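Residues per chain, in single letters:
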Amino acid sequence: MSGSLAAAAAGFGTGLSLIVAIGAQNAFVLRQGIRRDAVLAVVGICALSDAALIALGVGGVGALVVAWPGALTAVGWIGGAFLLCYGALAARRVLRPGALDAGGEAVGSRRRAVLTCLAMTWLNPHVYLDTVFLLGSIAADRGPLRWTFGLGAALASLCWFTALGFGARLLSRFLARPAAWRVLDALVAATMIVLGVSLIAGS
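Residues numbered from 1 in each chain as written. Predicted model: local features only at pLDDT ≥ 70, side-chain atom pairs only at ≥ 80, totals over all residues. Heavy atoms only, no water.

Trainee: Help me out: how do you make sense of the overall build of the chain in this one?
Mentor: Scanning the chain for helices and strands turns up 9 helices and 0 strands. Helices and strands appear in the chain in the N-to-C order α-α-α-α-α-α-α-α-α. Expressed as a percentage of the 203 residues in the chain, the buried residues total 42%. Partitioning the contacts of the chain with sequence separation of at least 6, the portion at a separation of at least 24 is 89%. In the structure as shown, the chain presents an accessible area of about 10,100 Å², 71% of it carried by carbon and sulfur atoms. (Helix = DSSP H or I, 4+ residues; strand = E, 2+ residues; numbered from the N terminus. Buried < 20%, exposed > 50% of the residue type's maximum accessible area, 1.4 Å probe, protein only. Contact = heavy atoms within 4.5 Å. Areas by Shrake-Rupley, 256 points an atom, 1.4 Å probe, with all protein chains shown as cover.)

Trainee: Hey, could you run me through the environment of Pro125 in this one?
Mentor: Along the chain, the position of Pro125 falls in helix H7 (residues 125–140). Residue Pro125 is classed as buried on the basis of its relative accessible area, which comes to 8%. Distance in space between the C-alpha atoms of Pro125 and Ile78 is 9.9 Å, their sequence separation being 47 residues.

Trainee: Could you clarify how one ought to interpret the environment of Ala88 in this entry?
Mentor: Residue position: Ala88 is located in helix H5 (residues 69–95). According to the relative accessible area criterion, Ala88 is partly exposed, its value standing at 42%. Sequence-wise, Ala88 and Met192 are 104 residues apart; in three dimensions their C-alpha atoms are separated by 8.5 Å.

Trainee: Any chance you could explain H7 here in plain terms?
Mentor: For an α-helix, 3.6 residues make a turn, and residues three or four places apart therefore share a direction. Helix length check: H7, at 16 residues, gives a terminal C-alpha distance of 21 Å against a target of 22 Å (1.5 Å per residue), a fit within 8%. Turning to H7, its buried residues are Pro125, Val127, Tyr128, Thr131, Val132, Phe133, Leu135, Gly136 and Ala139. (Expected span 1.5 Å × (residues − 1).)

Trainee: Would you explain the packing of H7 against helix H8 (residues 146–167) in this entry?
Mentor: Two quantities define a packed helix pair, namely the angle between the axes and the distance from one axis to the other. Interhelical geometry of H7 versus H8 gives an angle of 140° and a closest axis separation of 8 Å. Relative to H8, the element H7 lies oblique. Between H7 and H8 the crossing geometry is right-handed. Contact residues: Leu135, Ile138, Ala139 and Ala140 in H7; Arg146, Phe149 and Ala153 in H8. Across the contact of H7 with H8, the residue classes tally to 6 nonpolar, no polar and 1 charged. (Axes fitted to C-alpha atoms, helices over the stretch in contact; angles between N-to-C directions. Parallel < 35°, antiparallel > 145°, perpendicular 65-115°, else oblique. Left-handed = near helix turned anticlockwise from the far one by under 90°. Nonpolar A, V, L, I, M, F, W, Y, C, P; charged D, E, K, R; others polar.)

Trainee: For this particular structure, what's the right way to read the nonpolar core?
Mentor: Within soluble globular proteins, side chains that are nonpolar tend to cluster in buried spots. Within the largest apolar cluster, 23 residues are counted, with the highest numbers of intra-cluster contacts made by Met120 and Met192. Among the secondary structure elements, those contributing two or more residues to this core are helix H2 (24–35), helix H3 (39–58), H5, helix H6 (110–122), H8 and helix H9 (178–202). (Core = buried A, V, L, I, M, F, W, Y, C linked by side-chain atoms within 4.5 Å.)

Trainee: What is the right way to look at H2 in this model?
Mentor: For H2, which comprises 12 residues, the first-to-last C-alpha distance of 17 Å matches the rise-based estimate of 16 Å (1.5 Å per residue) to within 8%. Positive phi appears at Arg36, one or two residues downstream of H2, with a value of about 55°.

Trainee: How should I be thinking about the environment of Thr116 in this particular structure?
Mentor: As for its placement among the helices and strands, Thr116 is situated in helix H6. Sequence-wise, Thr116 and Val42 are 74 residues apart; in three dimensions their C-alpha atoms are separated by 9.2 Å. Once residues within four sequence positions are removed from consideration, Thr116 is found in contact with Phe28, Phe82 and Tyr86.

Trainee: Help me understand the packing of H2 against H3, please; the structure alone is not making it clear to me.
Mentor: Close contact between H2 and H3 brings their axes to 9 Å; oriented N to C, the two are set at 160°. Judged by the angle between their axes, H2 and H3 are roughly antiparallel. Considering only the axes of H2 and H3, their crossing is left-handed. Side by side, H2 and H3 meet where Gln25, Phe28, Val29, Gln32 and Gly33 of the first sit next to Val39, Val42 and Cys46 of the second. Considering only residue class, the contact of H2 with H3 consists of 5 nonpolar, 3 polar and no charged.

Spelled out as structure tokens, the structure:
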């Protein structure tokens, strides 16, 4: 295996290991995929955002952010509050299942989905820690192949979000009943609230 291919494969594996874990972004993409609501836009935002952040990390921007720790603290508070609000809305849907059509029709607009996805991505300090700092520091060890490593990590993000968003529709037949949607929303609510509390507590 050539050095470039090995670096790309290492980047792909490292990137995949960081984004597969259950989190606010993944839970949102999964739910949008099952609802078949603005899936392409949501997947595109997640993948392109990750690619931009990975590029910043590989380019060494992480060192500049470290010099301004107040930035991540502010993002943590804002992101935590946002996730708590989103979790509360999901919990409300559990108590009032009529708020969502079990057939997959979205309540709201594509604009709302896009704005929510942007907030899920850019107001989560964990995203910066994983992409800008962690992946950036690992890529730095690759020397001249660091950008190849970063390209592999960005490709992993694209593959994951595409599979999650468009593959989620395979679960739609299991969610034909309102009770199943209530279980999904309960899981989403729990994920968002736990992550929201952890972000605020760690800020």
